[in-house]
Amino acid sequence: MESFVEVKELQVYFPGKSKLLKKTKSVVKAVDNVSFTIEQGETLGIVGESGCGKSTLGRAIMHLFKPTSGEICFAGRSLTSLSAGEMRQQRRHFQMVFQDPFSSLNPRLTVKEILDEPLKAHRLGDAKERLDKIRQIMEVCGLNHTFTERYAHEFSGGQRQRIGIARALILQPQLVVADEPVSALDVSIQSQILNLMQDLQEQFQLTYLFISHDLGVVRHICNRLGVMYLGRMAELATTEQLYTNPLHPYTKTLLSAIPVADPRLRKERIILQGDVPSPANPPQGCAFAGRCPSAMKLCTEIRPDMLPVTDEHLVACHLYR
Ligand code: SF4
């Protein structure tokens, strides 16, 4: 049976800077051969350090970037082969919540205007119907519906992110790509927004792709997690398996960095040596080889494929072959 979202061997490459005295330009491999599926109603988390390609991946799924190659299928239809008109029709079914609620909302628009834009763009309802819809979604997202004439700067960070979520949901999408939706917020507000997202998922049967650099944040909201490193998927498993039995040395490093309040449960933090290689010049073998405490000669020569260890746990590492 086909999955709700299928990403197949997706590549997103950007032109890099010209090499001095050479005619050829380098290529930045922001997303390199990434495949995964998301089931309807599921939350798939994508985690990794800044620059690993997770945000580019999210934007490629939203068609904000054109993939270099590969395929994205949504509810059984390949998005990559749609005409511009068909794409416009499909677009309302997948929406995005952005990281920074301070810069992602137009400061010159009132909340009503911000929420009205997508409805107008898709020609949904007359002015009264649209206003009813706006008031309704504001209440659902925990905003007072009488604040429609206020500007974004009159709201707190948490309220602004609620506006961002309301803007994403007003078209009743099926898939929401949330790119670091709580990382710009105070810790006390983060859990409120995560709870809201979970409530909305239940209420509207939403499917989430939840992008974060913080494994501590995604644990309670995601059903499965994918760990990315240098544009590639390193490990993909259920959240339970990833936290209790991480396989990839990079995943183990990320998990060791999560703060734990109980000193009896604290594990020794793994400190990596070296830097992340450039995506314009990725290593020939495993991208993590230069920093991996378990690296072998083979790791520098052959790139490990993403292969299953169990039905629900895949890893790209020579240690498990
Ligand atoms: Fe480490 Fe080798 Fe596994 Fe890469 S393939 S993560 S270098 S052990």
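All figures in this text were calculated on a predicted structure; none of them were measured in a lab.

Visitor: Could you clarify how one ought to interpret the overall build of the protein in this entry?
Guide: Of the regular secondary structure elements, the protein holds 10 helices and 12 strands. For a compact globule of 321 residues, the expected C-alpha radius of gyration is about 20 Å, and the protein comes in at 21 Å, within 12% of that figure. For the protein, the spread of C-alpha atoms along the principal axes amounts to about 65 × 55 × 45 Å. In the protein, of all internal contacts separated by at least 6 residues, the share reaching a separation of at least 24 is 63%. For the protein, the computed accessible surface area is about 16,500 Å², with 50% contributed by carbon and sulfur atoms. Computed over 38 positive and 34 negative side-chain charges, the inter-centroid distance for the protein is 7 Å.

Visitor: Looking at this structure, I do not really get the sheet that holds strand β6 (residues 94-97). What am I missing?
Guide: Picture the strands of a sheet paired through backbone hydrogen bonds; they go either parallel or antiparallel. Pairing is mixed across the open sheet formed by eight strands, whose spatial order is β6-β7-β8-β3-β9-β10-β12-β11. Single-partner strands in this sheet number two, and they are β6 and β11 (307-310). Averaged over all pairs of adjacent strands, the angle between their axes in this sheet comes to 20 degrees, without regard to strand direction. Note: β11 against strand β12 (residues 313-315), three bridges, orientation antiparallel. Residue L307 lies in a different strand from β12, and its bridge partner there is V315. Along the sheet face, helix α5 (residues 157-169) touches β6 and β7 (175-179) and points at about 170 degrees away from the line of β6. Seen against the sheet, helix α6 (residues 187-204) touches β3 (43-47), β7 and β8 (207-212) and runs at an angle of roughly 160 degrees to β8.

Visitor: What exactly am I supposed to notice about the pairing of β8 here?
Guide: Both faces of the sheet carry side chains from a regular strand, because those side chains alternate between them. Burial of β8 is extensive: six of the six residues sit out of reach of the surface. Here β8 shows no split at all, with T207, L209 and I211 on one side and Y208, F210 and S212 on the other all buried. As judged from the five bridges shared by β3 and β8, these two strands associate in the parallel manner. Among the inter-strand pairings, I46 is bridged to a residue of β8, identified as I211. Inspection of the sheet shows β7 paired to β8 by five bridges, in the parallel sense. Across the sheet, L175 pairs through a bridge with T207, a residue of β8. Remark: the β7/α6/β8 crossover connection has right-handed handedness.

Visitor: Could you clarify how one ought to interpret unusual backbone geometry in this entry?
Guide: Excluding glycine, most residues fall at negative phi; most peptide bonds, likewise, are trans. The residue H63 is not glycine, and still its phi comes out positive at about 65 degrees. Positive phi, close to 50 degrees, is recorded for A75, a residue that is not glycine. Positionally, A75 belongs in the loop between β4 (69-74) and β5 (77-78). A75 sits in the partly exposed class, given a relative accessible area of 44%.

Visitor: Got a minute to help me understand the site of the ligand in this structure?
Guide: Surrounding the ligand, one finds 13 residues, the nearest of these being C286, C292, C299, C317 and H318. Tallied by class, the residues present in the shell around the ligand amount to 10 nonpolar, three polar and no charged.

Visitor: What is the right way to look at helix α1 (residues 54-61) in this model?
Guide: At 3.6 residues per turn, the α-helix brings residues three or four places apart onto the same side. With six of eight residues buried, α1 lies mostly within the body of the structure. Positive backbone phi, at 65 degrees, marks H63, one or two positions downstream of α1.

Visitor: Hey, could you run me through a nonpolar patch on the surface in this one?
Guide: A cluster of nonpolar side chains, namely M296, L298, I302 and L319, defines an oily patch on the protein surface of about 310 Å² accessible area. In this structure, M296 sits in the loop between α9 (249-256) and α10 (297-301). By relative accessible area, M296 is classed as partly exposed at 35%.

Visitor: Just checking my understanding: could you explain the pattern of salt bridges for this structure?
Guide: A side chain of one charge can pair with a side chain of the opposite charge when the charged atoms of the two come close. Tallying each qualifying case throughout the model produces 14 salt bridges. Note that K297 is salt-bridged to E301, the shortest N-O span being 2.6 Å. Of this pair, K297 and E301 both sit in helix α10, four residues apart, roughly one helical turn. Put simply, E6, K8 and E71 are held in one network by salt bridges that share partners.

Calculation criteria
- Residues numbered from 1 in each chain as written.
- Predicted model: local features only at pLDDT ≥ 70, side-chain atom pairs only at ≥ 80, totals over all residues.
- Heavy atoms only, no water.
- Helix = DSSP H or I, 4+ residues; strand = E, 2+ residues; numbered from the N terminus.
- Rg over C-alpha atoms; globule rule 2.2 N^0.38 Å.
- Contact = heavy atoms within 4.5 Å.
- Areas by Shrake-Rupley, 256 points an atom, 1.4 Å probe, with all protein chains shown as cover.
- Lys, Arg positive; Asp, Glu negative; His and termini not counted.
- Charge placed at Lys NZ, Arg CZ, Asp CG, Glu CD.
- Pairing = 2+ DSSP bridges.
- Axes fitted to C-alpha atoms, helices over the stretch in contact; angles between N-to-C directions.
- Buried < 20%, exposed > 50% of the residue type's maximum accessible area, 1.4 Å probe, protein only.
- Right-handed = clockwise from strand over helix to strand, strands pointing away.
- Near = heavy atom within 4 Å.
- Nonpolar A, V, L, I, M, F, W, Y, C, P; charged D, E, K, R; others polar.
- Patch = residues over 30% accessible without salt bridge, like charges linked within 9 Å, V, L, I, M, F, W, Y side chains within 5 Å.
- Salt bridge = Lys/Arg side-chain N within 4 Å of Asp/Glu carboxyl O.

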